[in-house]
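# Close look at the chain arrangement
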Amino acid sequence: MLILSPESEQDFERYFDLRWRLLRKPWKQPRGSERDELDAVSWHRMACLDGRPPHIPIGVARLHLIDSQRAQLRYMAVEPDHRHQGIGRALEADLEALARANRVREIILQARADSVPFYQQLGYSVTGPGHLLYGEIRHFAMRKCLD
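Cut-offs applied
Residues numbered from 1 in each chain as written. Predicted model: local features only at pLDDT ≥ 70, side-chain atom pairs only at ≥ 80, totals over all residues. Heavy atoms only, no water. Phe/Tyr/Trp six-rings, centres within 6.5 Å; stacked < 30°, edge-to-face > 60°. Buried < 20%, exposed > 50% of the residue type's maximum accessible area, 1.4 Å probe, protein only. Salt bridge = Lys/Arg side-chain N within 4 Å of Asp/Glu carboxyl O. Helix = DSSP H or I, 4+ residues; strand = E, 2+ residues; numbered from the N terminus.

Under the criterion given, the structure shown has five aromatic pairs. The interplanar angle of 80 degrees and the centroid separation of 5.7 Å between the aromatic rings of Tyr-119 and Tyr-124 together place this pair among those described as edge-to-face. As far as the burial class goes, Tyr-119 and Tyr-124 line up, both buried. Site record: aromatic cluster; members linked through ring pairs are Phe-12, Tyr-15 and Phe-16.

In structure tokens:
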């Protein structure tokens, strides 16, 4: 498995498709709902089984700066058949290293309730309740200090 930054138009098409299929489609959200205005200024990573094109992602994640000290991790998703194999951990570690290289002191995120234990294993702590997505997906605010 390799962690790559999507570069080509085809890479980004596959990257956003995975985000949509895993994070939006199950709740009947339209294509395009997996994107937001910060995608253009974010760092994107995808886990692929093979480093040669075409790059087929089996996991994706994004990090964007909130300010010079804080960043937010979003849109982490791993194909169901590839979960529990360290892919999410590798994506988070890659983006955390990027955050550290950019002198970020804290990463925040909104974790779905069933993902809270995963993020706690990575050193994140729950800071409070988060939003309720689509009226049914409970989230919790989490943070990790990088100092």
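All told, the structure shown has 16 salt bridges when counted by the stated rule. Put simply, Asp-17 and Arg-21 hold a salt bridge, and the shortest N to O gap is 2.8 Å. Here the residue Asp-17 and the residue Arg-21 both occupy positions in helix H1 (residues 9-23), the gap between them amounting to four residues, near one helical turn. On the basis of relative accessible area, Asp-17 is assigned to the partly exposed category, the value being 23%. Relative accessible area serves as the criterion here: at 29%, Arg-21 is assigned to the partly exposed category. Linked by salt bridges that have partners in common, Arg-19, Asp-36, Asp-39, Arg-62 and Arg-74 make up one network.

Worth remembering: the numbers are spatial, not functional.
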